[in-house]
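Fold and contact review
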Amino acid sequence: MSPFLFWIFVAIMLVFAIGVIANRSPVASALSLVVSFLALAGLYVSLDAFFLGAIQVLVYGGAVMVLFLFIIMLLDLKAERMRKVNSAAVLGGLVVILLFVKILFDVSYGFQGGVAQFPALTQTPQGDAWYIGMTLFRQYNLPLQVVGTLILVASIGVVILSKRELK
Amino acid sequence: MVTLNDYLIASGLLFAVGFAGVLLRRNIIIIFMALELMLNAANLSLVGFSRYNVQNGLPDYNAQVLVFFIITVAAAEVAVGLAIIVALFRAKQTTHLEDLNTLKF
C-alpha cells in the first residue's frame, strides 16, 4: 500500500474519532464512529488482513452501529447542554493524555525492529479467510465454543436486563 | 515506506483519542463509544504485529484469530452495555454521569 493512502486512512480515522468525542449530539457521534471504523477496516486491508476488514465492516459498521443509533433514538437523547465544566478534572485528563502520547512516541521510536519494512508475503491459492478458519477450528476450537457460549449468555442477559422492572 | 512504527503510532493515537473521550466526556453513551475506539486501537496494533511477524511467507494468524475473538466479545459487550444503559435510563431518566452519584463516597 502506498504511504499516501495509508496516511489518508489514518487521517480519516483520527479526525472522525475526534469527531466522536467532540460532537455535542450523540447521533453525530455515532455516525462519526462508523466512518472511523470504516477507515480502520481500510487499514486492516492495507495489512493484508482482508477477512478482518470484512468482519470489521459487518460487525462494527453494521451491527454495533445500528445498536448505538437504536438506543440513542429509543432514549431520545438531545444534544447535550453545556454544563459547568470541572476545570481541574479536564486539566488532569489532558495532562494524562499528553503524557500517554509522549510515552507512546518514546516507546515506538525507541523500538528498533519497528523501522524495518514488512516482509513480503508469498502468494497462496487460499485466501486469508481459509488460513484464519484453519487456525480457528484446529488450534482454537475450545475458545471458539467458549465465545459462542458467551454470546448466548450475553443475549439471555440482555433480554433479562430489559424485561425486568427496575425499582 | 510504511513501517510497523507508523501503524503503532496510528493505533496509539486512536487509543489516546478514545482515552480522552472516557476522561473528558460526561455522557455515558459517548463514553461507551470511546471505549469501542480503544478496543479497536488494540486490534489495529495486533493486526500490525501479525503482518510484521511473517513466517514461511504467511502472517501470524494467531494474532488475527485473537482479533476475531476480541471483535466477537466486543459485540456482546456492546449489547449488554447498552441494555444496562437503557435500564439505567429507565430508573434515573438521565445519561449524564454527574447525575449518577448513588455509589459516590
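Values in this document were obtained by computation on a predicted structure and should not be read as measured data. (Residues numbered from 1 in each chain as written. Chains lettered and ligands numbered in written order. Predicted model: local features only at pLDDT ≥ 70, side-chain atom pairs only at ≥ 80, totals over all residues. Heavy atoms only, no water.)

**So, the overall build of chain B**
The line we're drawing: Segments assigned H or I by DSSP are reported as helices when at least four residues long, segments assigned E as strands when at least two residues long, and all are numbered from the N terminus. Here the globule rule reads 2.2 Å times residues to the power 0.38, and the radius of gyration is calculated from C-alpha atoms. The buried label goes to any residue with under 20% of its type's maximum accessible area, the exposed label to any with over 50%, and the partly exposed label to all in between, with areas taken from a 1.4 Å probe on protein chains only. Only the protein chains shown count as cover for residues, with accessible areas throughout obtained via the Shrake-Rupley method and a probe of 1.4 Å. When charges are counted, Lys and Arg contribute as positive and Asp and Glu as negative, whereas His and the chain ends are disregarded. Throughout, a charge is located at the NZ atom of Lys, the CZ atom of Arg, the CG atom of Asp or the CD atom of Glu.
For chain B, the count of helices and strands is three helices and zero strands. The helix and strand sequence of chain B, counted from the amino end, reads α-α-α. Expected size for 105 residues packed as a compact globule is a radius of gyration near 13 Å; at 18 Å, chain B overshoots this value by more than 25%. When the 105 residues of chain B are sorted by exposure, 61% land in the buried category. Accessible surface for chain B amounts to roughly 4,000 Å². Of this, 66% is attributable to carbon and sulfur atoms. Side chains of chain B carry 6 positive and 6 negative charges; the gap between the two charge centres is 10 Å.

**Quick word on the side chain of Asn43(B)**
Formally: Two residues qualify as a contact provided that any one of their heavy atoms is within 4.5 Å of a heavy atom in the partner residue.
Counting through the fold element by element, Asn43(B) comes out in helix H2 (residues 28-52). Setting aside chain neighbours within four positions, we find Asn43(B) in contact with Tyr44(A), Val67(B), Ile70(B) and Ile71(B).

**Re a nonpolar patch on the surface**
Threshold: Only residues whose relative accessible area exceeds 30% and that form no salt bridge are eligible for patches; like-charged ones are grouped when within 9 Å, while nonpolar side chains (Val, Leu, Ile, Met, Phe, Trp, Tyr) are grouped when within 5 Å. What counts as a salt bridge is simple: a side-chain nitrogen of Lys or Arg found within 4 Å of a carboxyl oxygen of Asp or Glu.
Nonpolar side chains collect at one region of the surface, where Phe4(A), Leu5(A), Ile8(A), Ile12(A), Val15(A) and Phe16(A) lie side by side and expose about 530 Å² of accessible area between them. Structurally, Phe16(A) can be placed in helix H1 (residues 3-22).

**Side note on the packing of aromatic side chains**
The geometry of an aromatic ring pair is captured by two quantities: the separation of the ring centres and the angle between the planes. Convention followed: In this scheme Phe, Tyr and Trp rings, the latter by its six-membered ring, pair at centre separations within 6.5 Å, and the angle between planes marks the pair as stacked below 30 degrees, edge-to-face above 60, and tilted otherwise.
Summed over the entire model, instances satisfying the criterion amount to 14 aromatic pairs over all chains. Judged by centre distance (6.1 Å) and plane angle (65 degrees), the rings of Phe100(A) and Phe19(B) are edge-to-face. On the criterion of chain membership, the pair formed by Phe100(A) in helix H4 (residues 87-110) and Phe19(B) in helix H1 (residues 4-24) is interchain, its members lying in two chains. When its relative accessible area of 21% is taken as the criterion, Phe19(B) is described as partly exposed. Following the ring pairs from residue to residue traces out a cluster consisting of Phe6(A), Trp7(A), Phe118(A), Tyr7(B) and Tyr52(B).

**Observations regarding the interface of chain A and chain B**
Formally: Summed over both partners, the accessible surface that disappears when two parts come together, traced with a 1.4 Å probe, is what is meant by buried area. In this classification, the charged set is Asp, Glu, Lys and Arg, the nonpolar set is Ala, Val, Leu, Ile, Met, Phe, Trp, Tyr, Cys and Pro, and all remaining amino acids, among them Gly, are polar.
If you look at the interface, chain A gives 84 residues, while chain B gives 70 residues. Note on chain A versus chain B: buried area summed over both sides is about 7,300 Å², and carbon and sulfur give 77% of it. For the pair chain A and chain B, the interface holds one salt bridge. Across the pair Arg51(B) and Asp48(A) runs a salt bridge, and its minimum N-O distance is 2.8 Å. Mapped onto the side of chain A that touches chain B, the elements with two or more residues apiece are H1, helix H2 (26-46), helix H3 (50-75), H4, helix H5 (128-138) and helix H6 (141-163) of chain A. In terms of residue count, H3(A) provides more of the side of chain A that touches chain B than any other element does, 13 residues in total. When grouped by side-chain class, the residues that make up the side of chain A that touches chain B number 63 nonpolar, 15 polar and six charged.

**Some thoughts on the packing of H5(A) against helix H3 (residues 61-92) of chain B**
For the record, the criterion: Angles run from 0 to 180 degrees between N-to-C directions of axes, and those axes are lines fitted to C-alpha atoms, restricted for helices to the stretch in contact. With respect to orientation, any angle under 35 degrees is reported as roughly parallel, any angle over 145 as roughly antiparallel, any angle of 65 to 115 as roughly perpendicular, and every other angle as oblique.
Closest axis-to-axis distance for the H5(A)/H3(B) pair is 9 Å, and the angle between their directions is 80 degrees. One element, H5(A), and the other, H3(B), form an angle in the roughly perpendicular class. Judged by residue contacts, Asp128(A), Tyr131(A), Ile132(A), Thr135(A) and Leu136(A) of H5(A) engage Tyr61(B), Asn62(B), Gln64(B), Val65(B), Phe68(B) and Phe69(B) from H3(B).

**Overview of the nonpolar core**
Worth spelling out the cut-off: We call a set of buried Ala, Val, Leu, Ile, Met, Phe, Trp, Tyr and Cys residues a nonpolar core when their side-chain atoms join them within 4.5 Å.
Counting 66 residues, the largest nonpolar core has Met13(A), Phe68(A), Ile29(B) and Leu44(B) as the members making the most contacts within it. At twelve residues, H3(B) tops the list of elements feeding residues into this core. Contact partners of Leu44(B), with chain neighbours within four places excluded, come to Met13(A), Leu40(A), Leu43(A), Tyr44(A), Leu47(A), Tyr7(B), Ala10(B) and Ser11(B).

**Remarks on the pattern of salt bridges**
Residue and element names in this part refer to chain A. Overall, the coordinates contain two salt bridges over all chains when judged by the stated rule. Salt-bridge contacts for Lys102 lead to Asp106; the nearest nitrogen and oxygen are separated by 2.7 Å. On the criterion of helical spacing, the pair formed by Lys102 and Asp106 is a turn pair, its members being four residues apart in helix H4. Its relative accessible area of 45% is what places Asp106 among the partly exposed residues.

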